[in-house]
Amino acid sequence: MIFQIKAYLQFLLRSKNRHGVHSPFVYQFVENCFNDRAPYEAYQTFADANRQLAANKQLICVTDHGAKSKTMHPKQRRVCDMAAVAGITPYRQQLLYRLARYFNIENALEIGTSVGKATVALAAANVRVQTIEGCANTQAVAKDLLADYSDRIQFTNGTFEAILPTINDHKFDLIFFDGNHQYEPTISYFNTLLPTAHAKSVWIFDDIYYSANMQRAWEVIRNDARVTLSIDTFRWGMVFFEPRPHKEHFVIRPPFFFDRTQWGF
């Protein structure tokens, strides 16, 4: 928590809103996606799914393959308790949905299904999603939650280390990294999946300030020669691969940034 607070204060000093951005691509992205206030019908779907999770008192046995939860230690956990702290916030569900629509995402890979809160945002945007989860019991909760979208979601259970090398010959328009928040695994997943990227790919790394090591992983990724543009929104780090005259990096304050539920502490 102390590390994240310090990182947040530093972020505030460096970050800009759309008016401080001198890239037409990023300006339009912030203006038309981040700042889009339209009341999409899908938002009600997310709210209903979140209420369903909040009401689920089922106790399941959880297997953690990656960084251990900072807030939940027992292996036996109630789904409602997991949903309260795991996965993305309602605001970021909406943002992920808008982002998928804005970039016309067709195929996505999600690394870390958890209880399915990000998965539903992608599926509702009519994206075909392959989602990987190491814990079979946790993914079973997501399968039940997302039964209405079974035609566009491929659930894969297994460790990321085992699964990712078997799919790195695919092409994904978007990859959402929300699994093992540690330095070495994150860098390994990045390098393993680079063959799946194309010029229009968008990669999102969740919790880039989870720890000092995760911040270091983010710095390595955004400085990689194959990344041409990166955006730091504090909770998310986003990278792009489309050829540009020179590498660019932006630190952007999302709307409603001062609502603590949006930046994930």
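Residues numbered from 1 in each chain as written. Predicted model: local features only at pLDDT ≥ 70, side-chain atom pairs only at ≥ 80, totals over all residues. Heavy atoms only, no water.

Undergrad: Explain helix α3 (residues 42–54) to me, please; I cannot follow it from the model alone.
TA: Three- or four-residue spacings in an α-helix give side chains the same orientation, since the helix completes a turn every 3.6 residues. The end-to-end C-alpha distance of α3 is 19 Å, a good match for the 18 Å that 13 residues give at a rise of 1.5 Å each. If you check which residues of α3 are buried, you get A42, Y43, F46, A49, N50 and L53. The buried residues of α3 occupy an angular sector of 120 degrees when the element is viewed end-on, so they sit on one face. Lining the buried residues of α3 we find α4 (79–85), α5 (90–102), α6 (117–124) and α7 (136–145). (Helix = DSSP H or I, 4+ residues; strand = E, 2+ residues; numbered from the N terminus. Expected span 1.5 Å × (residues − 1). Buried < 20%, exposed > 50% of the residue type's maximum accessible area, 1.4 Å probe, protein only. Arc of directions from axis to C-beta. Contact = heavy atoms within 4.5 Å.)

Undergrad: Even after reading the chapter, I still don't get the pairing of strand β8 (residues 229–232), so can you show me in this structure?
TA: The alternating pattern of β8 places L229 and I231 on one face and S230 and D232 on the opposite face, and all of these are buried. Pairing geometry for β8 and strand β9 (residues 236–240), over four bridges, is antiparallel. Within β9, the position partnered with D232 by the bridge is G237. In sequence, β8 turns back onto β9 through a hairpin of three residues, with F234 there showing a positive phi of about 80 degrees. With four bridges joining them, β8 and strand β10 (residues 248–251) adopt parallel strand pairing. From the neighbouring strand, S230 faces β10, where its bridge partner is H249. (Pairing = 2+ DSSP bridges.)

Undergrad: I tried to follow the pattern of salt bridges on my own but got confused; where do I start?
TA: Between side chains of opposite charge, a pair can form when the charged atoms approach closely. Using the criterion set out here, one finds seven salt bridges in the structure. Here R152 and D151 are joined by a salt bridge, their closest N and O atoms 3.9 Å apart. The exposure class assigned to D151 is exposed, which follows from its relative accessible area of 63%. Residue R235 pairs with D206 through a salt bridge whose shortest N-O separation is 3.2 Å. Note that R235 is positioned in the loop between β8 and β9 and D206 in strand β7 (residues 202–206), a separation of 29 residues in sequence. (Salt bridge = Lys/Arg side-chain N within 4 Å of Asp/Glu carboxyl O.)

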